[in-house]
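Fold and contact review
Here is what each chain is made of, one letter per residue.
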Amino acid sequence: MRIEESERVSASRNHLVFAYYVTGHGFGHATRVVEVVRNLILAGHDVHVVTGAPDFVFTSEIQSPRLFIRKVLLDCGAVQADALTVDRLASLEKYSETAVKPRDSILATETQWLHSIKADLVVSDVVPVACRAAADAGIRSVCVTNFSWDFIYAEYVMAAGYHHRSIVWQIAEDYSHCEFLIRLPGYCPMPAFRDVIDVPLVVRRLHKSRKEVRKELGISNHVKLVILNFGGQPSGWKLKEEYLPSGWLCLVCGASDSQELPPNFIKLAKDAYTPDLIAASDCMLGKIGYGTCSEALAYKLPFVFVRRDYFNEEPFLRNMLEYYQSGVEMIRRDLLTGHWKPYLERAVSLKPCYEGGVNGGEVAAHILQETAIGKNYTSDKLSGSRRLRDAIVLGYQLQRVAGRDISIPEWYANAENELSKSTGSPVAHTNEDGLPTSAWTGDFEILHGDLQGLSDTTSFLKSLLELDSVYDSEKNTEKLQMREHKAAAGLFNWEEDIFVTRAPGRLDVMGGIADYSGSLVLQMPIREACHVAVQRNHPSKHRLWKHAEARQNAKGQGPTPVLQIVSYGSELSNRGPTFDMDLSDFMEGNQPISYEKARKYFAQDPSQKWAAYVAGSILVLMRELGVRFEDSISMLVSSAVPEGKGVSSSASVEVASMSAVAAAHGLNISPRDMALLCQKVENHIVGAPCGVMDQMTSVCGEANKLLAMVCQPAEVIGLVEIPSHIRFWGIDSGIRHSVGGADYGSVRIGAFMGRKMIKSMASAILSRSLPSINGSILDELEDYGSELLKNESSLDYLCNLSPHRYEALYHKMLPESILGEAFLEKYVDHNDAVTVIDQKRTYMVRAPAKHPIYENFRVKAFKALLSSATSDEQLTALGELLYQCHYSYSACGLGTDGTDRLVHLVQEKQHSKSSKSHDGTLYGAKITGGGSGGTVCVIGRNCLRSSQQIIEIQQKYKGATGYLPFIFEGSSPGASKFGYLRIRRRLSFC
């Protein structure tokens, strides 16, 4: 049912008494309750507000003897670890302490109190037990809200376990006692309520005009003004003058008395009337909540918002903001580091377009008054279909991929219209695959696939749209960048399908270089990813670059298949932005050329060697799967995974490239096989001796989970949930990492040498040709376990040897190092197909062989600890395992001053007095991937203070080295989860 704006509160229709219960979750609920209560009191009624909020929230707006405030807290809402993170388990435990254990006494007390004040109606926003207490007292009840706690807690229960489920069932039962729900815009699914009435936005009224407010503040009308409406600001957070664009001012809500502000920031009084200040500003910066969203929409104020972890009503509110062109998302790191300028400037360019009602408080008060005097507002239509829709969307929420927003279906908002009703929360139109059409202005049809809410994919598609536009030669653009875009603009035939794939880089949490020795590894796909767009065309229809066309004409054979590649970002590294070749160059007679010849082919021109990562996927498909390419191929590569930082930039390019080529040619390749094929590109064509964990993570990873894989050779054993209280970061040392470098290769050779020696020793013990081990005479072969020795004499992977066996039998027998020539003379070969021993070089053996044996044990322990009980000891143990791994890398010669410095800075933070006096935040760090530079992985508590400390480390590192590290945070789905998009440009007809 929809109540129109014209239905207002009439003058007193009897003197009524309302009991209004307000949840303990933040001020937002209390501020919207104020507006409803104000209208009830204006109509001559008494209102008893039951709340834990400060009195001034109500009394600053309502000065009336009809307002009674009772300070009682009957629910706790969501417990926040900090200003941006909800602690799911703590929320359930606190609710249990607050509302479940004392439930009987609460019901008895509230029933007696309701009788004592002679309440005519109980109103709840949105305290569950209030509805049950009203039923026990024989009084009707109504809820007013945009979400309910059964919806919020349901997902927490999914993470916390079955023993908290009864909380959600009880809350839903309590809500079912209420008469109906007055539902506010931006609503979440709430299937527990039998009937629903939609009302306009509930917004506090303005007391003063924009001009009056600015005059009082001494701010002229032309000055850009942002209001920082951010409750629970991080302790120690220092706002700086340079955070704002030149000439801007910032009003700061909730600043502490001791907080010092720069001259362009203005501290507001604690009881300042926020709506007036919001309406007088040009944009708002803060956290998403009903109060901030509704007032931003009502006053047409652009809202720069920061997401909150596990704040489950957020997607619905954000959806409403974006629909009305009022929202700009800021990432958390940019909030803390003060990188505000681009967001604020983007915000003031928006044109918010909300034109709906803003008198929801008045409308809701009218409904409550009429209900209290006996009017029946229940719908004459059954609510089964609405409750089913809510239940379905709730199911979506509970099953969604971690780290990915719930995709709110179009029908969820439109179904009300289908039933001759109207909706309280509009949703942007989407196509059949769920793509918001408003984002594409009719230019692209997405024929297959799903954007999955990934903003980087949206940006990539927008960059494709711009390609065929005419580039102004007078623009101040770098020549190489101009060349990239001009080449890309002529790459595709817009009348044909284009296939788009996406593959992320990875953060090596545990395992690293032990992958090639068969270790268990734990890898997290990062937020940064590579996108590749591919199109296949008949050679006669292919748009060739001029030099490629001239090359074909010179051969005099007519059109033949050609591969053309454009790589964005060539100006950031010393490489050419384009590459092309005749696909016939990959053939020798009727067979594909060898990998060795391909490696030499791509090495001819150092500026185009990068093409091996992309074009190499085509040759691997030809050699391994027998694919023959009869059409020309155009490829555009755009990677946001930084090169040389040890986060698998090469694997992301290989995976995205091969996935795109496979999709364009209808090849169905399993995720595991895709990763192994991509590894062949890197091992055999690029010539880098990497293991398979990078490619496997880029293909098979899932957002906010660790991919657990045993590299023997590539067996994914599952996905490990990252507990909500734990977070991983990557900090780049600025020292370029390369798995093609000498250090990585020599350590790998040393490990394989060690394996060969251990096998030889085990065989010698079995044949009794070794007289002694560690000074002991072998009187009994059984003392050393003949079955174990047999296994060790045919050891496939070093990681299948346990640490205690290694220490007992082999550690002292292995040499610290050996000359390549001496090793080959005694052992002939080290049995590694992707490395070659240099006879004149000395290789470390003991440390490279020991590392994977112990690393495999550390990774298993780490995986087990992740699922243990949440405690400071758990985090300390996890961090210690990272530190041990780091120093083991160093023993192999793979450490650097930069990565050691970053690990030391983490240790400083961990052992500082402030960390010891409070719960610790950072717990461990290690070098990642192939070592010798690159990125350090850090583990810490998932809270705002940890993010601040990461930034402090970044700044300290810059102060010591002059280099500002790149910080990796966040996660995204692997290529297999993403699949592919098949898109086509819409043709315009005049």
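As the structure is a computational prediction, the values presented were derived from the model and not from experiment.

On to the overall build of the protein. Each helix and strand in the protein was counted, giving 34 helices and 34 strands. Counting across all 990 residues of the protein, residues that qualify as buried make up 58%. Counted over contacts in the protein with a minimum sequence separation of 6, partners at least 24 positions apart contribute 71%. Entry remark: accessible area of the protein is about 39,500 Å², with carbon and sulfur atoms responsible for 50%.

A separate point is the side chain of T935. Here T935 is to be found in strand β32 (residues 935-941). Polar side-chain contacts of T935 include one of 2.5 Å to the backbone oxygen of K645.

All right, on to the sheet that holds strand β2 (residues 46-51) then. If you walk across this open sheet you meet the 7 strands as β3-β2-β1-β6-β7-β8-β9, and the pairing is parallel. Taken across any chain shown, the strands that pair with only one partner, and hence form the sheet edges, are β3 (67-71) and β9 (196-198). Adjacent strand axes in the sheet meet at a mean angle of 20° when their direction is disregarded. The pairing of strand β8 (residues 180-183) with β9 spans 3 bridges and is parallel. Looking across to β9, one finds that I182 is bridged to I197.

Think of a sheet as strands paired side by side through backbone hydrogen bonds, with each pair either parallel or antiparallel. Spatial ordering of the open sheet is given by β12-β11-β10-β13-β14-β15, a layout of 6 strands whose pairing is parallel. Of all the strands in the sheet, just β12 (265-267) and β15 (327-330) have a single pairing partner and so form its edges. Pairwise comparison of adjacent strand axes, ignoring direction, gives a mean angle of 25° for this sheet. Pairing between strand β11 (residues 249-252) and β12: 3 bridges, direction parallel. Directly across from L251, in β12, lies its bridge partner I266.

At a minimum axis distance of 8 Å, the contact between helix α20 (residues 595-602) and helix α23 (residues 671-686) shows a crossing angle of 75°. Of the possible angle classes, the one that applies to α20 and α23 is roughly perpendicular. Judged by residue contacts, Y595, A598, R599 and F602 of α20 engage K680, N683, H684, I685 and V686 from α23. Considering only residue class, the contact of α20 with α23 consists of 5 nonpolar, 2 polar and 2 charged.

Now for the packing of aromatic side chains. Scanning all chains against the criterion turns up 22 aromatic pairs. Geometrically, the ring pair formed by F579 and F602 is tilted, given 5.8 Å between the ring centres and 40° between the ring planes. On the criterion of sequence distance, the pair formed by F579 in strand β20 (residues 578-582) and F602 in helix α20 is long-range, its members being 23 residues apart. According to the relative accessible area criterion, F602 is buried, its value standing at 3%. Ring centres of F586 and F602 lie 6.2 Å apart, and the angle between their planes is 55°; on these two criteria the pair is classed as tilted. Highlighted residues: F586 in the loop between β20 and β21 (587-588) and F602 in helix α20, separated in sequence by 16 residues. Connected via pairs of aromatic rings, a cluster forms that spans Y95, F147, W149 and Y153. Between the NZ or CZ atom of R70 and the centre of the ring of W113, over which it lies, the distance is 4.3 Å. Its guanidinium or amino end placed over the ring of F230, K287 lies 5.3 Å from that ring's centre, counting from NZ or CZ.

Of all hydrophobic cores here, the largest spans 63 residues; its most connected members are F18, Y20, V37, F58, I182 and L368. Top element by residues in this core is helix α1 (residues 26-42). It accounts for 7 residues. Among all residues touching Y20, those that are not within four sequence positions of it are V33, V36, V37, V47, H48, V49, V50, V123, D125, V144 and L368. If you look at the next biggest cluster of nonpolar residues, it comprises 59 residues, including F629, V653, A662 and M709.

Enumeration according to the criterion identifies 44 salt bridges in this entry. For D198, the salt bridge identified is with R183, shortest N-O distance 2.8 Å. A residue pair is termed long-range when its members are at least 10 positions apart, and D198 in strand β9 and R183 in strand β8 qualify at 15 residues. Here the salt bridges share partners, and the residues they tie into one network are E35, R38, E61 and R205.

Another aspect to go through is the confidence of the model for the protein. A residue-level look at the protein finds 86% of positions with pLDDT of 70 or above and a mean pLDDT of 86. Taken together, the stretch residues 1-8 has pLDDT below 50 and engages in 30 contacts with residues farther than four places along the chain or on a different chain. Segment residues 470-481 is flagged for pLDDT under 50; beyond a separation of four residues in sequence, or across chains, it makes 7 contacts in the model.

All right, on to the state of the cysteines then. Tallied over the full model, the rule gives 0 disulfides. Among the cysteines around C253, which has no disulfide bond, C250 carries the closest sulfur, lying 8.5 Å off. You can call C253 buried: its relative accessible area is 14%. Not engaged in a disulfide, the cysteine C892 finds its nearest cysteine sulfur in C885; these two sulfurs lie 9.5 Å apart.

So, about unusual backbone geometry. For the bond running from D125 to V126, omega is -15°, close enough to zero to count as cis. Across the junction of Q712 and P713, the peptide omega takes the value 0°, indicating a cis bond. Here the phi dihedral of Q325 falls at roughly 55°; this positive angle occurs in a residue that is not glycine. Along the chain, Q325 turns up in the loop between α11 (314-323) and β15. Assessed through its relative accessible area of 43%, Q325 is described here as partly exposed. One non-glycine residue, V828, adopts positive backbone phi at about 75°. With respect to the element layout, V828 can be found in the loop between α28 (820-827) and β30 (842-844). In this structure V828 comes out as exposed when scored by relative accessible area, which is 64%.

Reading the values: rules and limits
- Residues numbered from 1 in each chain as written.
- Predicted model: local features only at pLDDT ≥ 70, side-chain atom pairs only at ≥ 80, totals over all residues.
- Heavy atoms only, no water.
- Helix = DSSP H or I, 4+ residues; strand = E, 2+ residues; numbered from the N terminus.
- Buried < 20%, exposed > 50% of the residue type's maximum accessible area, 1.4 Å probe, protein only.
- Contact = heavy atoms within 4.5 Å.
- Areas by Shrake-Rupley, 256 points an atom, 1.4 Å probe, with all protein chains shown as cover.
- Polar contact = N/O pair within 3.5 Å; in protein donor to acceptor, adjacent residues only side chain to side chain.
- Pairing = 2+ DSSP bridges.
- Axes fitted to C-alpha atoms, helices over the stretch in contact; angles between N-to-C directions.
- Parallel < 35°, antiparallel > 145°, perpendicular 65-115°, else oblique.
- Nonpolar A, V, L, I, M, F, W, Y, C, P; charged D, E, K, R; others polar.
- Phe/Tyr/Trp six-rings, centres within 6.5 Å; stacked < 30°, edge-to-face > 60°.
- Lys NZ or Arg CZ within 6 Å of the ring centre and 35° of its normal.
- Core = buried A, V, L, I, M, F, W, Y, C linked by side-chain atoms within 4.5 Å.
- Salt bridge = Lys/Arg side-chain N within 4 Å of Asp/Glu carboxyl O.
- pLDDT = per-residue confidence, 0-100.
- Disulfide = S-S within 2.5 Å.

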